[in-house]
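Residue-level structural notes
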Amino acid sequence: MPRDNKTSLIQKVAKQAFSTFKDCRSASSGDDSVVTDKLNQLVSIVTSVRAKDLKITPPKNKPSSGAAAPQSPPVTYMHICETEVFSMGVFLLKAGTSIPLHDHPGMNGMLKVSHFQSVLFRYQCHSDRKGQIQRADVLYGKVNVRCFDKLENSLTVPPHFDPPLAPLQVTTVWRSVLRSVAEYSENSGPCLLTPVRDNLHQIDAVDGPAAFLDILAPPYNPDDGRDCHYYKVLQSVTEPESGAKVDQEQLGEKKEIKNEGWLLEIPQPEDFWCGGEPYPGPVVAI
């Protein structure tokens, strides 16, 4: 008999994610209490995940050899598992790098924050809409996340952008609002994102490298309308005061901003690409 038959924590996460999001797809639009309960259970399990549970360690600083090293990707991804219901993996960001402003069309999402219960019940699961749940849980380091919403384009796009927009670009400009700016660490809890709330976001590594667990339900599928788009902020948006300090108790707490501006849909930025590396943790089977 095996000496250790304990189920790994990440296997428990996968099992709960599959159960939660499978029910989400079949839930009736009038009653999502079962899904909410299961989502609570998933929140509880994932909140306890740490880098050591996945056998992931922060990179060590390597001494410079003086020779020009080949350029490596600023962000890498460790694939853990994927089913038709959800996918799960780990994103690793090098110091000073970021995942550019992007969206998850028609999808829901979740990031770790300190007071997750206050936002958890904004979640709604409807059988007549294909949604995506994203959980991103910081495993080590710290990330800053800026969240935007698209607004209805009821106003004519103003012509005063600098530099001016090309005629074809006018059709890919969106009015938007910067909803929140927050920092997340391994001590933060999860925060819910929805198709209309905080759906566009940029993730920046803060003060060194960082890694976070990412769960999508269902997985990306361009053929089904779930593809990633990138954006550029055209109109300046007021950030929190640059000199403001965030203490440990405030990490992950969303600061409501609500500054309106304009976003331009752009191709994937040339300085951003995502590489792959092997996942060293426990095997997950669904």
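Procedures and definitions
- Residues numbered from 1 in each chain as written.
- Predicted model: local features only at pLDDT ≥ 70, side-chain atom pairs only at ≥ 80, totals over all residues.
- Heavy atoms only, no water.
- Helix = DSSP H or I, 4+ residues; strand = E, 2+ residues; numbered from the N terminus.
- Buried < 20%, exposed > 50% of the residue type's maximum accessible area, 1.4 Å probe, protein only.
- Contact = heavy atoms within 4.5 Å.
- Areas by Shrake-Rupley, 256 points an atom, 1.4 Å probe, with all protein chains shown as cover.
- Phe/Tyr/Trp six-rings, centres within 6.5 Å; stacked < 30°, edge-to-face > 60°.
- Salt bridge = Lys/Arg side-chain N within 4 Å of Asp/Glu carboxyl O.

Bringing the overall build of the chain into the picture now. Helix and strand counts for the chain stand at three helices and 13 strands. In the chain, which comprises 286 residues, the share counted as buried stands at 46%. Considering only residue pairs separated by 6 or more positions, the chain has 87% of its internal contacts joining residues 24 or more positions apart. Of the roughly 15,300 Å² of accessible surface on the chain, a fraction of 51% belongs to carbon and sulfur atoms.

All chains considered together, the criterion is met by four aromatic pairs. Taking 4.7 Å as the distance between ring centres and 50° as the angle between the ring planes, the aromatic pair formed by Tyr77 and Phe91 counts as tilted. Note that Tyr77 is positioned in strand E1 (residues 75-82) and Phe91 in strand E2 (residues 87-93), a separation of 14 residues in sequence. The class for Phe91 is buried, based on a relative accessible area of 19%. Three or more aromatic residues joined by ring pairs make a cluster, and in this case those are Tyr77, Phe91 and Phe212.

Moving on, we come to the pattern of salt bridges. Following the criterion strictly, the structure yields four salt bridges and no others. A salt bridge links Glu183 to Lys142, with the nearest nitrogen and oxygen atoms 3.9 Å apart. Of this pair, Glu183 sits in strand E7 (residues 173-185) while Lys142 sits in strand E6 (residues 142-150), and the two are 41 residues apart along the sequence. The exposure class assigned to Lys142 is partly exposed, which follows from its relative accessible area of 24%. The salt bridge partner of Arg179 is Asp149, with a shortest N-O separation of 2.5 Å. One end of the pair, Arg179, is in strand E7; the other, Asp149, is in strand E6, with 30 residues separating them in the sequence. Residue classification places Asp149 among the buried positions, given a relative accessible area of 2%.

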